[in-house]
Amino acid sequence: MKYWLVKSEPDAYSWQRLVNEKTAVWDGVRNYQARNNLMAMKKGDLVLFYHSVSEKQVMGIAQVTKEHFPDPTIGDPRWVAVELTYYETLARPVSLTAIKNDERLQKIPLLRQSRLSVMPLQREQFDIIVASGQTE
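Cut-offs and rules
- Residues numbered from 1 in each chain as written.
- Predicted model: local features only at pLDDT ≥ 70, side-chain atom pairs only at ≥ 80, totals over all residues.
- Heavy atoms only, no water.
- Helix = DSSP H or I, 4+ residues; strand = E, 2+ residues; numbered from the N terminus.
- Rg over C-alpha atoms; globule rule 2.2 N^0.38 Å.
- Contact = heavy atoms within 4.5 Å.
- Areas by Shrake-Rupley, 256 points an atom, 1.4 Å probe, with all protein chains shown as cover.
- Lys, Arg positive; Asp, Glu negative; His and termini not counted.
- Charge placed at Lys NZ, Arg CZ, Asp CG, Glu CD.
- Buried < 20%, exposed > 50% of the residue type's maximum accessible area, 1.4 Å probe, protein only.
- Salt bridge = Lys/Arg side-chain N within 4 Å of Asp/Glu carboxyl O.
- 1 Å grid on protein atoms, 1.4 Å probe; cavity = no way out; pocket = protein on both sides within 12 Å on 5 of 7 lines; lining within 4 Å.
- Points joined across faces, edges and corners; volume = space filled by probe spheres on them.
- Nonpolar A, V, L, I, M, F, W, Y, C, P; charged D, E, K, R; others polar.
- Core = buried A, V, L, I, M, F, W, Y, C linked by side-chain atoms within 4.5 Å.
- Pairing = 2+ DSSP bridges.
- Axes fitted to C-alpha atoms, helices over the stretch in contact; angles between N-to-C directions.

K.L.:
Would you explain the overall build of the chain in this entry?
P.N.:
Within the chain one finds 5 helices and 6 strands. The linear arrangement of helices and strands in the chain, starting from the amino end, is β-α-β-α-β-β-β-α-α-β-α. By the compact-globule yardstick of 14 Å for 136 residues, the chain fits well, its C-alpha radius of gyration being 14 Å. Summarising its shape, the C-alpha atoms of the chain cover approximately 45 × 30 × 30 Å along the three principal directions. A separation threshold of at least 6 residues defines the contact pool for the chain, and within that pool the share at least 24 residues apart is 67%. Of the roughly 7,300 Å² of accessible surface on the chain, 47% is carried by carbon and sulfur atoms. Averaging the coordinates of the 18 positive side-chain charges in the chain and doing the same for the 16 negative ones gives two points 5 Å apart.

K.L.:
What am I meant to see in the side chain of R35 here?
P.N.:
Within the secondary structure, R35 sits in helix α2 (residues 32-40). Lacking a salt bridge, the buried R35 has D76 as its closest oppositely charged neighbour, with an N-O distance of 7.5 Å. In this structure, R35 is in contact with V29, R78, W79 and V80, ignoring residues within four places of it in sequence.

K.L.:
Could you clarify how one ought to interpret the layout of surface pockets in this entry?
P.N.:
Gaps between atoms show up when a probe of the same size as a water molecule is rolled over them. Quantified by volume, the largest pocket comes out at close to 430 Å³. Along its surface, the largest pocket is lined by 20 residues, and K7, S8, E9, S52 and S117 are the ones closest to its centre. Counting only elements with at least two residues in the lining of the largest pocket, the list comes to β1 (3-8), β2 (23-26), α3 (96-101) and α4 (109-112). For the lining of the largest pocket, the class distribution of residues is 10 nonpolar, 4 polar and 6 charged.

K.L.:
Just to check I follow, could you spell out the nonpolar core for this structure?
P.N.:
One recurring pattern in soluble globular proteins: nonpolar side chains tend to sit buried together. Core analysis: the largest hydrophobic core is formed by 42 residues, its most contacted members being W26, M41, L48 and V58. Discounting residues that sit within four places of it in the chain, W26 has contacts with V6, K7, S8, Y13, L38, F49, V80, A81, V82, L84 and V118.

K.L.:
It is not clear to me how the sheet that holds strand β4 (residues 57-70) should be interpreted in this structure. Could you clarify?
P.N.:
Each strand in a sheet pairs with its neighbour through backbone hydrogen bonds, running either in the same direction (parallel) or in the opposite one (antiparallel). What the 6 strands build is an open sheet, ordered β2-β5-β4-β3-β1-β6; its pairing is mixed. In this open sheet, the two strands that pair with only one neighbour each are β2 and β6 (118-121). Adjacent strand axes in the sheet meet at a mean angle of 35°, parallel and antiparallel pairs treated alike. The pairing of β2 with strand β5 (residues 80-95) spans 4 bridges and is classified as antiparallel. The residue of β5 that forms the bridge with W26 is V82. Its contacts with the sheet place helix α5 (residues 123-133) against β1, β3 (46-51), β4, β5 and β6, and it is angled at close to 45° to β5.

K.L.:
Got a minute to help me understand the environment of K66 in this structure?
P.N.:
Here K66 shows up in strand β4. With 57 residues separating them in the primary sequence, K66 and R123 have C-alpha atoms 21 Å apart. The residues touching K66, leaving out its near neighbours within four places in the chain, are V82 and E83.

Have a look at this one:
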């Protein structure tokens, strides 16, 4: 199993929308590195859902339920989408500030490639963020 982080502006597609809809097609990615990350996702992988721009915090966990397929929003075979399904809401969101202040997370792609919308995580990084979001 691999671990990932996806970013979305809450006004474009929010965590609450995924919670309500249960499943979403993760489409519209137009960056080659992010696209390659979508192509590397496998069914069952876990994905942290991060609200970018205004909130800057990890909200919860989704799971990959369908591996990459042609992005339905564009007729160009270079671009792909995956299907994500709601998995778990964190007890409390984990802020970007908390991530920056955790010495164990200094090499996380979120801090090194802040504009990338789909990024891999090491299991340890994933576990640290999830544990931080499960404590009050």
